[in-house]
Structure formats: structure tokens, C-alpha cells
Amino acid sequence: MRMLDGTWKLVYTSNSELLAILALSRLPFVSIGDITQRIETVFNTVENKVSISVPLSRTSFSTTASFEVRTPKRLQVRFEKGVIQTPELLADLNVPESVNLLGQQVDLSPLQGVLQPVSQGLNGVISQVGSILSNSSDLSFPISTDSAQTWLLTTYQDEDTRITRGDGGSVFILTKDVPYSPSSMTSQQEAVAEAMML
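Because the structure is a prediction, the values reported are computed rather than measured.

Draft legend 1. Local environment of the overall build of the chain. Looking only at helices and strands, the chain features three helices and twelve strands. Of all 198 residues assigned to the chain, the portion counted as buried reaches 28%. Within the chain, contacts between residues at least 6 apart in sequence are counted, and of these 55% link residues at least 24 apart.

Below, the structure written as C-alpha cells:
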């Protein structure tokens, strides 16, 4: 079970809900960051997270779940909480040189020069609004429906790669992104972990 610990990056999925999120990146000016899964077997928790960027703003959405080990390869997962991170305002208005819009490549290089003075003028406003937003807390909400449960069956795992199937038949291929180390735990988490080991 300890091989599950750490942060895993999704590199492939057949899951239709995640494919819909990934499809958002086909929209002009929308960027979907890595989809990650952080597992802490000491606490039997899983956090799934995705970041989304649009012009002048970036945020992330995450779900937190607890899990029970049903067999050495099968986990029963129960989602408990969702979090939408308070948007971070970005001072840069980065306009790409071109975008693909409805199958057509649209040249945006003429806009880059025009928008540079606008971007410079926005920096002060964005900075002020950003400092107000940074004092806001993330939007957290409970997930309490009966359908907030699933199981995951690990069909292959080594130190760097994990292949998992979900109860709907979806396939997930993940690679180890950041290894989990107990040194990243708070002192309270370390005390709980030590107590659980006894």
C-alpha cells in the first residue's frame, strides 16, 4: 500500500467526465493544467485536483475522499468534500500568437501590440483586486450524495506508473509526480501517523 503514497499525475483516461474537463482546453484562451491525485495511505485519504487558467485568472478544483482497502488491489472510495480555490488574478494578459477556432487557425499577433498598453494599465487594478481576493477563503462544500462512492482496482503498479480501473469501466494511467515523504507532514499529522503505527 505504501507504493500508493505520493502525488500522481494523470496521463491518460477513458473517463467521460474527465474527458469533458480536458476538452475545455480546446476553447480559445482556456488552459487546463495537470490533473493530479495525492494519496496518503497513513490517513486513508485521496485528493484529486485540476487547475484551470483563463485570461487574467487561474483557479483549481479539488475533491477530497476517504478510502477503505477492500483487497490489496481494490479501494472503496467515498468523496466527502469539494473545494474551488479562490481565483488568483494574473497581471499578465498573455495573448498567444494564434488560436485554433472551429478548426481554423486565427492569427492574433496584431492584437499583442494593441493589448500591451491595456495590460500595463490593468496591472494596478488587478493587483488591488487580487489582494482583496487573496484574503477570501476557498469555496468548500460537502459531497454527500449516495453516488459519491466508487471503487478503484489497481491492475498494475510500479514505483513510477499506476494503471487503475474504475467501477464504470474507465481506465486511468498515472505517473508518479511527487513522492510522498513524511517530512512534509505537520507535527500533528506525524503524531497521528505514529499513533496509527502502534
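There's more to say after this.
Draft legend 2. Examining the side chain of arginine 162 more closely. In this structure, arginine 162 sits in strand β11 (residues 161–166). Here arginine 162 occupies a buried position and makes no salt bridge, while the nearest side chain of opposite charge, aspartate 5, is found at 9.6 Å. At 2.4 Å, the side chain of arginine 162 and the side chain of glutamine 37 are in polar contact. There is a polar contact of 3.3 Å between the side chain of arginine 162 and the side chain of threonine 164. If we ignore the near neighbours within four places in the chain, the residues touching arginine 162 are Leu4, Trp8, Gln37, Ile39, Thr154, Tyr156, Gln157, Phe172, Ile173 and Leu174.

Draft legend 3. Up close: unusual backbone geometry. Positive phi, close to 55 degrees, is recorded for asparagine 44, a residue that is not glycine. By relative accessible area, asparagine 44 is classed as partly exposed at 29%.

Draft legend 4. Summary view of the pairing of strand β10 (residues 149–157). Alignment of strand β5 (residues 74–84) against β10, held across five bridges, turns out to be antiparallel. Within β10, the position partnered with arginine 74 by the bridge is leucine 153. Count of turn residues in the β10/β11 antiparallel hairpin: three residues.

Draft legend 5. Main features of the environment of aspartate 107. Tracing the backbone through its elements, the reader meets aspartate 107 in strand β8 (residues 104–107). Aspartate 107 gets classed as exposed once you look at its relative accessible area, which sits at 53%. As for aspartate 107 and glutamate 97, which are separated by ten residues in sequence, their C-alpha atoms are 6.1 Å apart.

Draft legend 6. Summary view of the nonpolar core. Of all hydrophobic cores here, the largest spans 17 residues; its most connected members are Leu10, Ile39, Phe67, Val77 and Phe172. Elements with a minimum of two residues in this core: β1 (6–13), β2 (31–40), β3 (45–54), β4 (57–69), β5 and β12 (171–178). With three residues, the top contributor of residues to this core is β2.

Draft legend 7. Quick look at the pattern of salt bridges. Scanning the model with the defined rule gives five salt bridges in all. For the salt bridge of arginine 2 with aspartate 5, the shortest nitrogen-to-oxygen distance reads 3.3 Å. The exposure class of aspartate 5 is buried, given its relative accessible area of 4%. For glutamate 47, the salt bridge is made with arginine 38, and the minimal N-O distance between the two is 3.1 Å. Ionic contacts of the salt-bridge type, sharing partners, join the residues Arg38, Glu40 and Glu47 into one network.

Reading the values: the criteria
Residues numbered from 1 in each chain as written. Predicted model: local features only at pLDDT ≥ 70, side-chain atom pairs only at ≥ 80, totals over all residues. Heavy atoms only, no water. Helix = DSSP H or I, 4+ residues; strand = E, 2+ residues; numbered from the N terminus. Buried < 20%, exposed > 50% of the residue type's maximum accessible area, 1.4 Å probe, protein only. Contact = heavy atoms within 4.5 Å. Lys, Arg positive; Asp, Glu negative; His and termini not counted. Salt bridge = Lys/Arg side-chain N within 4 Å of Asp/Glu carboxyl O. Polar contact = N/O pair within 3.5 Å; in protein donor to acceptor, adjacent residues only side chain to side chain. Pairing = 2+ DSSP bridges. Core = buried A, V, L, I, M, F, W, Y, C linked by side-chain atoms within 4.5 Å.

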